[in-house]
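So you can see what is in the structure, the chains are spelled out below.
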Amino acid sequence: MSLLKQDNQGGIRFEHSASHITLTLPEPWPVLSSAVLNGGFSSIRSLLNLRVDQHAPPPWPPAQQTLQQQAEQLMLPTPCCGMMTAASMRSLGYSAFSLQQLRAECWVTAGLSNLRRSGDPADAFAGAGTINIWLLLHFPLTPAAMAEALIQLTEAKVTAIRDAELLSPLSSLPASGTGTDSHAVICPPHTTPEQALAFCGKHTTAGELIGRVALDACEQSIGHCLRAAAH
(Lines give C-alpha, C1' and ligand atoms only; values in the text may rest on other atoms or scores of the structure.)
Protein backbone atom coordinates (compact mmCIF):
# COMPACT_ATOMS: atom_id res chain seq x y z
CA MET A 1 0.00 0.00 0.00
CA SER A 2 1.53 3.31 -1.02
CA LEU A 3 1.54 6.31 1.28
CA LEU A 4 -1.65 8.31 1.03
CA LYS A 5 -1.67 11.92 2.22
CA GLN A 6 -4.80 13.95 2.72
CA ASP A 7 -5.04 17.55 3.89
CA ASN A 8 -8.28 18.16 5.74
CA GLN A 9 -9.81 21.47 6.70
CA GLY A 10 -7.99 23.69 9.18
CA GLY A 11 -4.46 22.46 8.46
CA ILE A 12 -5.10 18.87 9.62
CA ARG A 13 -3.11 16.22 7.74
CA PHE A 14 -3.84 12.48 7.54
CA GLU A 15 -1.42 9.87 6.18
CA HIS A 16 -2.03 6.19 5.48
CA SER A 17 0.50 3.48 4.63
CA ALA A 18 0.83 -0.27 5.08
CA SER A 19 2.64 0.24 8.39
CA HIS A 20 0.80 3.14 10.01
CA ILE A 21 -1.76 5.90 9.92
CA THR A 22 -1.00 9.36 11.27
CA LEU A 23 -2.94 12.52 12.00
CA THR A 24 -1.15 15.86 12.35
CA LEU A 25 -2.87 18.82 14.00
CA PRO A 26 -2.17 22.52 13.33
CA GLU A 27 -1.51 23.23 17.03
CA PRO A 28 -1.82 21.36 20.34
CA TRP A 29 -5.38 20.05 20.66
CA PRO A 30 -7.01 18.37 23.67
CA VAL A 31 -7.08 14.57 23.37
CA LEU A 32 -8.65 12.04 25.71
CA SER A 33 -7.45 8.53 24.98
CA SER A 34 -6.45 5.12 26.25
CA ALA A 35 -3.30 5.24 24.10
CA VAL A 36 -0.02 3.66 25.20
CA LEU A 37 2.00 6.77 24.31
CA ASN A 38 0.75 10.01 25.92
CA GLY A 39 -2.60 8.54 26.85
CA GLY A 40 -5.10 10.00 29.29
CA PHE A 41 -6.08 13.66 28.99
CA SER A 42 -3.32 15.42 27.05
CA SER A 43 -2.53 18.27 24.69
CA ILE A 44 -1.37 16.64 21.44
CA ARG A 45 0.11 17.71 18.09
CA SER A 46 -0.06 14.34 16.30
CA LEU A 47 -1.47 10.83 16.51
CA LEU A 48 0.08 7.54 15.39
CA ASN A 49 -1.57 4.14 14.91
CA LEU A 50 1.33 1.77 14.26
CA ARG A 51 1.11 -1.73 12.81
CA VAL A 52 3.48 -4.20 14.47
CA ASP A 53 4.38 -7.78 13.57
CA GLN A 54 2.62 -10.15 15.97
CA HIS A 55 5.09 -12.89 14.96
CA ALA A 56 8.25 -10.88 15.70
CA PRO A 57 10.65 -12.91 17.88
CA PRO A 58 11.61 -11.70 21.37
CA PRO A 59 12.99 -9.68 22.99
CA TRP A 60 10.20 -7.15 22.56
CA PRO A 61 10.94 -3.53 23.51
CA PRO A 62 8.34 -1.70 25.61
CA ALA A 63 5.39 -0.57 23.48
CA GLN A 64 5.84 3.04 24.54
CA GLN A 65 9.47 2.97 23.41
CA THR A 66 8.54 1.47 20.03
CA LEU A 67 5.88 4.12 19.44
CA GLN A 68 8.16 6.97 20.49
CA GLN A 69 10.95 5.79 18.18
CA GLN A 70 8.58 5.41 15.25
CA ALA A 71 7.04 8.85 15.86
CA GLU A 72 10.55 10.34 15.81
CA GLN A 73 11.43 8.44 12.64
CA LEU A 74 8.27 9.78 10.96
CA MET A 75 9.14 13.27 12.24
CA LEU A 76 5.72 13.71 13.78
CA PRO A 77 5.16 16.90 15.78
CA THR A 78 5.34 16.39 19.52
CA PRO A 79 3.67 15.48 21.77
CA CYS A 80 2.41 12.44 19.86
CA CYS A 81 -0.44 10.18 21.01
CA GLY A 82 0.51 6.64 19.97
CA MET A 83 -1.39 3.35 19.64
CA MET A 84 -0.34 0.06 18.10
CA THR A 85 -2.03 -2.92 16.49
CA ALA A 86 -1.18 -6.12 14.65
CA ALA A 87 -4.23 -5.62 12.42
CA SER A 88 -3.79 -4.73 8.77
CA MET A 89 -3.98 -1.07 7.79
CA ARG A 90 -6.19 -2.31 4.93
CA SER A 91 -8.92 -2.58 7.54
CA LEU A 92 -9.15 1.21 7.73
CA GLY A 93 -12.66 2.60 7.87
CA TYR A 94 -13.26 6.33 7.53
CA SER A 95 -16.38 8.41 7.88
CA ALA A 96 -17.22 12.12 8.03
CA PHE A 97 -20.55 13.76 8.84
CA SER A 98 -21.87 17.26 9.44
CA LEU A 99 -25.04 18.22 11.33
CA GLN A 100 -26.19 21.78 12.01
CA GLN A 101 -22.72 23.30 11.51
CA LEU A 102 -21.07 20.57 13.60
CA ARG A 103 -18.59 18.29 11.84
CA ALA A 104 -16.93 15.05 12.91
CA GLU A 105 -14.55 12.52 11.35
CA CYS A 106 -13.67 9.01 12.47
CA TRP A 107 -10.89 6.57 11.56
CA VAL A 108 -11.00 2.91 12.61
CA THR A 109 -8.61 -0.01 12.12
CA ALA A 110 -9.75 -3.43 13.25
CA GLY A 111 -8.70 -6.99 13.79
CA LEU A 112 -11.28 -9.51 15.00
CA SER A 113 -9.28 -12.54 16.12
CA ASN A 114 -9.15 -11.26 19.71
CA LEU A 115 -12.89 -10.67 20.22
CA ARG A 116 -14.12 -10.64 23.80
CA ARG A 117 -17.29 -9.90 25.72
CA SER A 118 -17.23 -7.65 28.78
CA GLY A 119 -16.86 -9.92 31.79
CA ASP A 120 -15.18 -12.78 29.93
CA PRO A 121 -12.46 -14.57 31.93
CA ALA A 122 -9.08 -12.87 31.66
CA ASP A 123 -6.70 -14.76 29.41
CA ALA A 124 -3.51 -14.33 27.42
CA PHE A 125 -3.56 -12.12 24.31
CA ALA A 126 -4.11 -14.07 21.12
CA GLY A 127 -4.09 -12.82 17.54
CA ALA A 128 -4.19 -9.57 15.62
CA GLY A 129 -7.38 -8.37 17.25
CA THR A 130 -7.40 -4.70 18.14
CA ILE A 131 -10.00 -2.06 17.27
CA ASN A 132 -8.34 1.36 17.34
CA ILE A 133 -10.53 4.43 16.89
CA TRP A 134 -9.84 8.13 16.42
CA LEU A 135 -12.82 10.46 16.71
CA LEU A 136 -11.97 13.96 15.48
CA LEU A 137 -14.49 16.67 16.34
CA HIS A 138 -14.28 20.07 14.68
CA PHE A 139 -15.88 21.80 17.66
CA PRO A 140 -14.59 22.21 21.22
CA LEU A 141 -15.86 20.20 24.19
CA THR A 142 -15.41 20.54 27.93
CA PRO A 143 -13.33 17.75 29.54
CA ALA A 144 -16.52 16.12 30.86
CA ALA A 145 -18.09 16.22 27.40
CA MET A 146 -14.94 14.61 25.95
CA ALA A 147 -15.44 11.73 28.38
CA GLU A 148 -19.07 11.53 27.25
CA ALA A 149 -17.90 11.46 23.60
CA LEU A 150 -15.58 8.56 24.47
CA ILE A 151 -18.59 6.70 25.86
CA GLN A 152 -20.58 7.45 22.71
CA LEU A 153 -17.94 6.15 20.31
CA THR A 154 -17.46 3.02 22.43
CA GLU A 155 -21.20 2.36 22.32
CA ALA A 156 -21.08 2.80 18.54
CA LYS A 157 -18.27 0.23 18.32
CA VAL A 158 -20.26 -2.25 20.42
CA THR A 159 -23.33 -1.64 18.24
CA ALA A 160 -21.35 -2.37 15.06
CA ILE A 161 -19.95 -5.58 16.56
CA ARG A 162 -23.40 -6.72 17.69
CA ASP A 163 -24.98 -5.85 14.33
CA ALA A 164 -22.33 -8.02 12.65
CA GLU A 165 -23.34 -10.87 15.02
CA LEU A 166 -19.76 -11.40 16.18
CA LEU A 167 -19.25 -13.72 19.16
CA SER A 168 -16.64 -14.07 21.86
CA PRO A 169 -14.71 -17.33 21.35
CA LEU A 170 -14.51 -17.73 25.14
CA SER A 171 -18.19 -17.47 26.05
CA SER A 172 -19.86 -17.93 22.64
CA LEU A 173 -21.97 -14.88 23.53
CA PRO A 174 -22.20 -11.57 21.61
CA ALA A 175 -18.82 -9.80 21.74
CA SER A 176 -18.43 -6.17 22.80
CA GLY A 177 -14.90 -5.45 21.58
CA THR A 178 -11.46 -7.01 21.59
CA GLY A 179 -9.08 -7.48 24.46
CA THR A 180 -6.79 -4.64 23.41
CA ASP A 181 -8.96 -1.84 21.96
CA SER A 182 -7.73 1.76 22.16
CA HIS A 183 -9.78 4.89 21.45
CA ALA A 184 -9.17 8.63 21.28
CA VAL A 185 -11.37 11.73 21.17
CA ILE A 186 -9.76 14.83 19.64
CA CYS A 187 -11.23 18.33 19.54
CA PRO A 188 -9.96 21.90 19.00
CA PRO A 189 -8.96 24.05 21.97
CA HIS A 190 -11.21 26.83 23.26
CA THR A 191 -10.32 30.14 24.86
CA THR A 192 -13.47 30.67 26.96
CA PRO A 193 -15.74 28.11 28.66
CA GLU A 194 -18.72 29.40 26.67
CA GLN A 195 -17.13 28.19 23.42
CA ALA A 196 -17.12 24.53 24.45
CA LEU A 197 -20.09 22.17 24.36
CA ALA A 198 -20.80 20.79 27.80
CA PHE A 199 -22.93 17.84 26.67
CA CYS A 200 -22.89 15.36 23.78
CA GLY A 201 -25.31 12.66 24.87
CA LYS A 202 -27.87 10.94 22.66
CA HIS A 203 -30.43 13.73 23.13
CA THR A 204 -28.06 16.29 21.57
CA THR A 205 -27.10 17.04 17.97
CA ALA A 206 -23.45 16.44 18.86
CA GLY A 207 -24.31 13.04 20.30
CA GLU A 208 -26.26 12.07 17.20
CA LEU A 209 -23.33 13.17 15.04
CA ILE A 210 -20.79 11.20 17.09
CA GLY A 211 -22.94 8.08 17.02
CA ARG A 212 -23.48 8.25 13.26
CA VAL A 213 -19.86 8.89 12.28
CA ALA A 214 -18.36 6.33 14.69
CA LEU A 215 -20.89 3.64 13.80
CA ASP A 216 -20.33 4.12 10.07
CA ALA A 217 -16.52 3.97 10.36
CA CYS A 218 -16.67 0.90 12.63
CA GLU A 219 -19.05 -0.87 10.26
CA GLN A 220 -16.70 -0.18 7.35
CA SER A 221 -13.63 -1.48 9.20
CA ILE A 222 -15.38 -4.61 10.49
CA GLY A 223 -16.67 -5.23 6.97
CA HIS A 224 -13.14 -5.03 5.56
CA CYS A 225 -12.00 -7.62 8.13
CA LEU A 226 -14.84 -10.03 7.44
CA ARG A 227 -14.38 -9.84 3.67
CA ALA A 228 -10.61 -10.39 4.00
CA ALA A 229 -11.21 -13.43 6.22
CA ALA A 230 -13.65 -14.87 3.68
CA HIS A 231 -11.00 -14.98 0.94
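I will try to describe carefully the structure that is included in this document. What you see is a predicted model, and the numbers here were worked out from it, not measured in a lab.

### Some points on the state of the cysteines
- Counted according to the given criterion, the structure contains 0 disulfides.
- In this model cysteine 218 remains outside any disulfide bridge; the closest cysteine sulfur is found in cysteine 106, 5.7 Å from its own.
- Cysteine 225 takes part in no disulfide bond, and the closest cysteine sulfur, belonging to cysteine 218, lies 11 Å away.

### A short note on the nonpolar core
- Core analysis: the biggest nonpolar cluster contains 36 residues, and Cys106, Leu135, Leu137, Leu141 and Ala149 have the highest contact counts within it.
- When residues of this core are traced back to their parent elements, those giving at least two are strand 7 (102–110), strand 9 (131–137), helix 2 (143–163) and helix 3 (205–230).
- Per element, the largest residue contribution to this core is 9 residues, and it comes from helix 3.
- Here alanine 149 is in contact with Leu135, Leu137, Leu141, Val185, Cys200 and Ile210, once residues within four sequence places are set aside.
- Within the second largest apolar cluster, 19 residues are counted, among which are Val31, Leu92, Leu136 and Ile186.

### Considerations on the pairing of strand 4 (residues 40–51)
- Here strand 3 (residues 20–33) pairs with strand 4 via 10 bridges, running antiparallel. The partner of histidine 20 across the bridge, within strand 4, is leucine 50.
- Hairpin connection between strand 3 and strand 4: a loop of 6 residues separates the two successive antiparallel strands, and asparagine 38 in this loop has a positive phi of roughly 55°.
- Pairing between strand 4 and strand 5 (residues 80–85): 6 bridges, direction parallel. Pairing of asparagine 49 across the sheet is with methionine 83, part of strand 5.

### Brief notes about the side chain of serine 17
- Structurally, the position occupied by serine 17 is in the loop between strand 2 (13–16) and strand 3.
- Polar side-chain contacts of serine 17 include one of 3.2 Å to the backbone nitrogen of serine 19.

### Section: helix 1 (residues 63–73)
- Listed in full, the buried residues belonging to helix 1 are Thr66, Leu67, Gln70 and Ala71. For helix 1, the angular spread of buried residues about the axis comes to 130°, placing them on one side. Opposite the buried face of helix 1, by more than 90 degrees, sit the exposed residues Glu72 and Gln73.
- Tucked into the core, helix 1 has its buried residues touching strand 4 and strand 5.
- Methionine 75 sits one or two residues past helix 1 and shows a positive phi near 55°.

### Examining the packing of helix 2 against helix 3
- Close contact between helix 2 and helix 3 brings their axes to 8 Å; oriented N to C, the two are set at 40°. Judged by the angle between their axes, helix 2 and helix 3 are oblique. Classified by chirality, the crossing of helix 3 by helix 2 is right-handed. Contacts between helix 2 and helix 3 pair Ala149, Gln152, Leu153, Ala156, Lys157, Thr159, Ala160, Ile161 and Asp163 from the former with Gly207, Ile210, Gly211, Ala214, Leu215, Cys218, Glu219 and Ile222 from the latter.
- Of the residues contributing to the contact of helix 2 with helix 3, the split by class is 10 nonpolar, 4 polar and 3 charged.

Parameters at a glance
- Residues numbered from 1 in each chain as written.
- Predicted model: local features only at pLDDT ≥ 70, side-chain atom pairs only at ≥ 80, totals over all residues.
- Heavy atoms only, no water.
- Disulfide = S-S within 2.5 Å.
- Core = buried A, V, L, I, M, F, W, Y, C linked by side-chain atoms within 4.5 Å.
- Buried < 20%, exposed > 50% of the residue type's maximum accessible area, 1.4 Å probe, protein only.
- Helix = DSSP H or I, 4+ residues; strand = E, 2+ residues; numbered from the N terminus.
- Contact = heavy atoms within 4.5 Å.
- Pairing = 2+ DSSP bridges.
- Polar contact = N/O pair within 3.5 Å; in protein donor to acceptor, adjacent residues only side chain to side chain.
- Arc of directions from axis to C-beta.
- Axes fitted to C-alpha atoms, helices over the stretch in contact; angles between N-to-C directions.
- Parallel < 35°, antiparallel > 145°, perpendicular 65-115°, else oblique.
- Left-handed = near helix turned anticlockwise from the far one by under 90°.
- Nonpolar A, V, L, I, M, F, W, Y, C, P; charged D, E, K, R; others polar.

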